[in-house]
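Below, each chain spelled out in residue letters.
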Amino acid sequence: MSLRAVGIAGSPTAPSRSRALVTRALSHLGDLGAETALIDLAQLSADALLVRRTDAGVDAAIQQAIAADALVVGTPVYRATYSGQLKAFFDLLPQDALRGHVVGLIVTGYGDAHSLAADTGLRPLVASLRGLTAARSVYATNAGFPDAAVIPAPLDAELRALAEELAALGTALLPTRAAHSGAVRDPILR
C-alpha cells in the first residue's frame, strides 16, 4: 500500500510562495514513492468554503484530505497565524478527520517575527482534528525566499527533510489509519 499525500495550499493568491513550497514538498514525497495531489484553496469556491452554498469541488477536496495518509499544509502568515481560507477549509472537516494522519507544516512570512506561527497556530489546529504534526516544520521569509519560482537550496533541503519525516511517520501510521477507516463521519457543517 502506497502512502497518499495531499498538499493544501492556503494562500489566497496565485502564484504564491507557500503554494510553491507545498508543491515542492509533494515532489519530494513523490520521489519517496508516495502518491501525491494538491488542493489549492484559492481555486475553490469562497461561498462554499464559507458554507453559503454547496460545491462539488469543495466536497471533493474535503474527501481527498480525509482520505490522505499525510497532509502538507502551507499558508502565508495572516494576523500572526494562518489564512482565512485555510481556517474555513479546516472548519468543514469532521472532528476526528485527521486521526491517523501525519501533517507537515509550511509557513511563509515577511520576516522572523512570525517564525513560530506553525507552532502557535497550525499545530493546535491540527491537534483539534486529532492529527499528528511532524516535529519539523518549515518557515520561509521574504528575504530567504524572494522569488516563488526559485526555491533556494537550503530551503529545498528543509523541504526534503520534512518529506522524509512525513513519509516515515505516515508509513508507520498506515496500520492505525486502517483500524480507524470507518471512524470518520461526514463533514459536520454540511
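Up top is the structure.
Keep in mind that this is a model prediction, so the values were computed, not measured.

Caption draft 1: Seen up close, the packing of aromatic side chains. A complete count under the given rule lists one aromatic pair for this structure. Ring centres of phenylalanine 89 and phenylalanine 90 lie 6.1 Å apart, and the angle between their planes is 75 degrees; this geometry places the pair in the edge-to-face category. Of the residues examined, phenylalanine 90 reaches a relative accessible area of 3% and is grouped as buried.

Caption draft 2: Representation of the environment of serine 2 within the structure. Its location among the elements puts serine 2 in the segment before strand 1 (4–9). When its relative accessible area of 27% is taken as the criterion, serine 2 is described as partly exposed. Residues serine 2 and leucine 174, spaced 172 residues apart in sequence, show a C-alpha to C-alpha distance of 9.4 Å. The residues contacting serine 2, other than those within four sequence positions of it, are Gly33, Ala34, Glu35 and Asp69. Here the side chain of serine 2 touches glycine 33 through a polar contact of 3.0 Å, landing on its backbone oxygen.

Basis of the calculations
Residues numbered from 1 in each chain as written. Predicted model: local features only at pLDDT ≥ 70, side-chain atom pairs only at ≥ 80, totals over all residues. Heavy atoms only, no water. Phe/Tyr/Trp six-rings, centres within 6.5 Å; stacked < 30°, edge-to-face > 60°. Buried < 20%, exposed > 50% of the residue type's maximum accessible area, 1.4 Å probe, protein only. Helix = DSSP H or I, 4+ residues; strand = E, 2+ residues; numbered from the N terminus. Contact = heavy atoms within 4.5 Å. Polar contact = N/O pair within 3.5 Å; in protein donor to acceptor, adjacent residues only side chain to side chain.

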